[in-house]
Amino acid sequence: MEIKPWEDKDLPLLFQLNAPEMMEHLGGPESNEQILKRHQRYLQIGDKGCMFSIIPFPEAKAAGSVGYWQKVRNDEFVYEIGWSVLPSFQGKGIASHAVKAVIEKIKAERNYKYIHAFPSITNPASNAICRKLGFNLISECEFEYPPGSFMKCNDWCLELG
């Protein structure tokens, strides 16, 4: 498994990840216009983070996405991390390996002390990944995603040391 920095050719993956069953815990599917804007944000994230496509094995098509971005949490800069894996690749450890690879990249940067993840409280798989990778559950919280819509999430935090 490898992660590759997001490229223009990854746009079809975003449309695949926008399926209703994939967006169940994220407020539902986005419009085509919203997907195109998201793609541009991924391409232009700059030095505030990085988005990746997840390649499960050499020469394979992407299985999902993973990435991190700068965020202010409690008046402190931290990274937020997020991921999404297509249904046919779920349950195989791909997301865990991809998130772990991104954590290693973040640790190497040595920019911030913490990484936060905010999976929906109704998403057992993503919460299990946080637990498995050593994140500490801080609390339940209300999280705005997509903009204008609020959902109940768990605030998981990983201290980078």
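So, how was this worked out
- Residues numbered from 1 in each chain as written.
- Predicted model: local features only at pLDDT ≥ 70, side-chain atom pairs only at ≥ 80, totals over all residues.
- Heavy atoms only, no water.
- Buried < 20%, exposed > 50% of the residue type's maximum accessible area, 1.4 Å probe, protein only.
- Helix = DSSP H or I, 4+ residues; strand = E, 2+ residues; numbered from the N terminus.
- Pairing = 2+ DSSP bridges.
- Right-handed = clockwise from strand over helix to strand, strands pointing away.
- Phe/Tyr/Trp six-rings, centres within 6.5 Å; stacked < 30°, edge-to-face > 60°.
- Salt bridge = Lys/Arg side-chain N within 4 Å of Asp/Glu carboxyl O.
- Core = buried A, V, L, I, M, F, W, Y, C linked by side-chain atoms within 4.5 Å.
- Contact = heavy atoms within 4.5 Å.
- Arc of directions from axis to C-beta.
- Axes fitted to C-alpha atoms, helices over the stretch in contact; angles between N-to-C directions.

A. Just the pairing of strand 4 (residues 76–85), in detail. In terms of burial, strand 4 is largely enclosed, as seven of its ten residues are buried. Remark: two residues form the turn of the hairpin made by strand 3 (residues 64–73) and strand 4, two consecutive strands paired antiparallel; Asn74 in that turn has positive phi of roughly 55 degrees. Here strand 4 pairs with strand 5 (residues 114–117) via two bridges, running parallel. From the neighbouring strand, Tyr79 faces strand 5, where its bridge partner is Ile115. In this fold, the crossover linking strand 4 to strand 5 by way of helix 3 (residues 94–109) has right-handed handedness.

B. Expanded view of the packing of aromatic side chains. One pass over the full model with this rule turns up four aromatic pairs. Relative to Tyr112, the ring of Tyr79 has its centre 4.8 Å away and its plane inclined at 65 degrees; by these criteria the two rings are edge-to-face. Of the two residues, Tyr79 is situated in strand 4 and Tyr112 in the loop between helix 3 and strand 5; the sequence distance between them amounts to 33 residues. Across the pair, Tyr112 and Tyr79 agree in class, each one buried.

C. Summary view of the pattern of salt bridges. Scanning the entire structure with this criterion turns up seven salt bridges. Here Glu7 and Lys9 are joined by a salt bridge, their closest N and O atoms 3.6 Å apart. The salt bridge partner of Glu80 is Lys71, with a shortest N-O separation of 3.4 Å.

D. Looking closely at the nonpolar core. Formed by 41 residues in total, the largest nonpolar core has its most connected members in Val66, Ile81, Trp83, Ile115 and Phe135. Looking at this core, the element that brings in the most residues is helix 3, giving seven residues. Sequence-distant contacts of Ile115, defined by excluding residues within four places in its chain, comprise Tyr79, Ile81, Ile103, Ile106, Phe135, Trp156, Cys157, Leu158 and Leu160. Core analysis: the second largest hydrophobic core is formed by five residues, Phe118, Phe143, Met151 and Cys153 among them.

E. Spotlight on helix 4 (residues 124–132). Here helix 4 has its buried residues at Ser126, Asn127, Ile129 and Cys130. On an axial view of helix 4, the arc spanned by its buried residues comes to 155 degrees, and they lie on one face. Among the exposed residues of helix 4, those oriented more than 90 degrees off its buried face are Pro124, Ala125, Arg131 and Lys132. Buried residues along helix 4 sit in contact with strand 4, helix 3, strand 5 and strand 7 (150–159). Phi for Gly134, located one or two positions after helix 4, is positive at around 90 degrees.

F. Local environment of the sheet that holds strand 3. Sheet architecture is open: seven strands sit in the order 1-2-3-4-5-7-6, paired in mixed fashion. Either end of the sheet is taken by a strand with one partner, and the two such strands are strand 1 (2–5) and strand 6 (136–144). The sheet shows a mean angle of 30 degrees between the axes of neighbouring strands, taken without regard to direction. Direction of pairing for strand 1 relative to strand 2 (residues 49–55): antiparallel, over a ladder of four bridges.

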